[in-house]
Amino acid sequence: MERFVWRVLPFLTFLVSFIVFFYLQDSYRAQLHPQVKLTENKCSLLHHRHFWITSKRIVTPQGIISGSVEIKEGNIISVIEGYGKQGNSKHEEVIDYGDAVVMPGLIDVHVHLDEPGRTAWEGFDTGTRAAAAGGVTTVVDMPLNNHPTTVSKETLKLKLEAAENRIYVDVGFWGGLIPENALNTSILEGLLSAGVLGLKSFMCPSGISDFPMTTIHHIKEGLSVLAKYRRPLYVHSEIQQHLELTDKGGPRTYLTYLHTRPPSWEEAAIKELVGVTKDTRIGGPLEGAHVHIAHLSDSSASLDLIKEAKSRGDSISVETCPHYLAFSSEEIPNGDTRFKCSPPIRDAYNKGKLWKAVLEGHIDLLSSDHSPTLPQLKLLEEGDFLKAWGGISSLQFDLPVTWSYGKKHGLTLEHLSLLWSKKPATFAGIESKGSIAVGNHADIVVWKPEVEFELNEHYPVFLKHPSLSAYMGRRLSGEVLETFVRGNLVFKKGKHAPAACGVPILAK
Ligand SMILES: NC(=O)N[C@H]1NC(=O)NC1=O
Ligand SMILES: [Zn+2]
Ligand SMILES: [Zn+2]
């Protein structure tokens, strides 16, 4: 026994001094460089809080540069030209991305996260994991499909409670404008004071019973309150028109569905809206209010009305979604309800005109209108376009889809960062995000536009219900490598950070 003790003693002494040496060294380094946190940071897959990113393609407001971005405690503190060059720092981590593109993270202002109440459709955890995996660093949540809908300060509180410790990216919230609160200023003011970034309303039935549609009368009331808060109104712009019913081949043919929602529905709604937006001009009675047209599909008369209103100085903007830019009605197979959405996807001619408007800047920004449901409500087996849930499931693929279909039309990296980051940030009033500039949050996507991939069972898909997505089975280009939210590396190579450290964005 004694002999055994004498044998292991030198080994134990060595082990203890080894541990003590590294412990002391770590605390010494932590004292010298307090920014180097040596404890594990569960919010990030990278432990450093002060580091540099270097790449040959960084998309900045001044153009694409070869250079380095310095990030400290979640913010961008310097941007310098010269690949591989850093300031005079020696101790910070440098991450070299070579010729991968470093771009501002995407801001998707139109996402239905459906929690609380319909978490089986989509939720904060699943939705924001998909966002992070797609380079989307901020989403703004819609006030409907969750139950109860977000139409008062009390229901916003339910959203905030449900989101706590469950969001991987930052999340803002739209409140709902419905007839009940439009005619009750104190409810509306309560909701706006509680921090929603603006209001959303429908000019046709929303498909959700506790989110009734608003008329132009309710919208005017809502705008007069919004003018005071200087926040926007987001409108689902379709008004039901009388239909000549003609048989286009039964409910499994896409044409049948397309004919139930013609462009005249969008045109009718936008005509009423531009009748009101004239009052939003500088000096007008609604100055400070703003109208934003959700998911424009009609690139003819409806778009012309918006262009005219803009040229007169009205405070109005418009978005379209990747599905209107990627698909055309001619190619939608019979019974494939994954493509059902409202307004509907129109023909190839319409799609070409939408692309032109995007590239010429007449369409201000892009958003996903990510709106999944339960697979059984999509009626994939039955293939009935008239009865199936309308909504596209796409959040993780905003970037590769826009890029894959857009580059054939001349879309550039600068366009992408304007349409998906800068313009959405300005529209939603999120000043600290949307571009790689000193003082901004370090919300960044690193991706490889040239890498092609097959969206099949081998791809790390984080959508809650991949079977609902019309993008599955497609070949896309643009692989997202890494995503940073306020300096936290929240996604890397198919893996998320251990903890969900996104924060709610509330207007003040
Ligand atoms: N309620 C809801 O999510 N509706 C959305 N789905 C869709 O296809 N268009 C919408 O506005
Ligand atoms: Zn809508
Ligand atoms: Zn929507």
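So, here's what we can say about the structure. Computed from a predicted model, the values in this text were never measured in an experiment.

It is worth spelling out the site of ligand 1 at this point. Around ligand 1, a shell composed of 14 residues is seen, among which Asn145, His236, Ser342, Ser371 and Gly390 lie nearest. At 2.9 Å from an oxygen atom of ligand 1 is found a side-chain nitrogen or oxygen belonging to Asn145. In this structure, a nitrogen atom belonging to ligand 1 sits 2.7 Å away from a main-chain N or O atom of Ser342. When isolated, ligand 1 has an accessible area of 300 Å², and the protein chains bury 98% of it. Comparing atom positions with the cavity grids shows ligand 1 to sit within the second largest pocket. Along the lines of polarity and charge, the residues of the shell around ligand 1 split into four nonpolar, nine polar and one charged.

What follows covers the coordination of the zinc ion (ligand 3). Octahedral metals with six donors have ideal donor angles of 90 or 180 degrees. Tetrahedral metals with four donors have an ideal donor angle of 109.5 degrees. Protein coordination of the zinc ion (ligand 3) is provided by His110 (NE2), His112 (NE2) and Asp369 (OD), with donor distances spanning 2.1 to 2.2 Å. Within one chain, the residues serving as donors to the zinc ion (ligand 3) are arranged as H-x1-H-x256-D. The metal-metal distance between the zinc ion (ligand 3) and the zinc ion (ligand 2) is 3.7 Å. Here His112 is found in the loop between strand E6 (106-111) and helix H2 (124-133), whereas its partner Asp369 is found in the loop between strand E14 (365-366) and helix H12 (398-406), with 257 residues between them in sequence. When its relative accessible area of 4% is taken as the criterion, His112 is described as buried. Its relative accessible area of 10% is what places Asp369 among the buried residues.

A word on helix H5 (residues 185-193). All of the buried residues in H5 are Leu188, Gly190, Leu191 and Leu192. Buried residues along H5 sit in contact with helix H3 (153-163), strand E9 (175-176), helix H4 (179-182), strand E10 (199-202) and helix H6 (216-229).

Another aspect to go through is the pattern of salt bridges. Under the criterion given, the structure shown has 24 salt bridges. Through salt bridges with shared partners, one network takes in Asp170, Lys433, Asp443 and Arg486.

With that settled, consider the state of the cysteines. Taken as a whole and judged by the stated rule, the model has one disulfide. The residue that forms a disulfide with Cys43 is Cys501, at a sulfur-sulfur distance of 2.2 Å. Since a negative S-S torsion denotes a left-handed disulfide, the Cys43-Cys501 link at about -70° is left-handed. Of this pair, Cys43 sits in the loop between helix H1 (2-32) and strand E1 (50-60) while Cys501 sits in the loop between strand E18 (495-496) and strand E19 (504-505), placing them 458 residues apart in sequence. For Cys501, a relative accessible area of 23% puts it in the partly exposed group. In this model Cys204 remains outside any disulfide bridge; the closest cysteine sulfur is found in Cys341, 12 Å from its own.

With 14 residues, H6 should reach 20 Å at 1.5 Å per residue; the first-to-last C-alpha distance of 20 Å fits that figure. Of the residues making up H6, those classed as buried are Ile216, His218, Ile219, Gly222, Leu223, Val225, Leu226 and Ala227. Residues of H6 that are buried sit in contact with H4, H5, E10, strand E11 (232-236), helix H8 (263-277) and strand E12 (290-293). In the stretch just after H6, Arg230 is the one whose phi turns positive, near 55°.

Counting buried positions along strand E2 (residues 63-72) yields seven of 10 residues, so the element is predominantly enclosed. The pairing of E1 with E2 spans nine bridges and is antiparallel. From the neighbouring strand, Ser55 faces E2, where its bridge partner is Gly67. Here E1 hands over to E2 after two residues, the two strands then running antiparallel side by side.

Conventions and cut-offs
Residues numbered from 1 in each chain as written. Chains lettered and ligands numbered in written order. Predicted model: local features only at pLDDT ≥ 70, side-chain atom pairs only at ≥ 80, totals over all residues. Heavy atoms only, no water. Near = heavy atom within 4 Å. Polar contact = N/O pair within 3.5 Å; in protein donor to acceptor, adjacent residues only side chain to side chain. Areas by Shrake-Rupley, 256 points an atom, 1.4 Å probe, with all protein chains shown as cover. 1 Å grid on protein atoms, 1.4 Å probe; cavity = no way out; pocket = protein on both sides within 12 Å on 5 of 7 lines; lining within 4 Å. Sits in = over half its atoms within 2 Å of the grid points. Nonpolar A, V, L, I, M, F, W, Y, C, P; charged D, E, K, R; others polar. Donors = N, O, S within 2.8 Å, 3.2 Å for Na, K, Ca; no water. Helix = DSSP H or I, 4+ residues; strand = E, 2+ residues; numbered from the N terminus. Buried < 20%, exposed > 50% of the residue type's maximum accessible area, 1.4 Å probe, protein only. Contact = heavy atoms within 4.5 Å. Salt bridge = Lys/Arg side-chain N within 4 Å of Asp/Glu carboxyl O. Disulfide = S-S within 2.5 Å. Expected span 1.5 Å × (residues − 1). Pairing = 2+ DSSP bridges.

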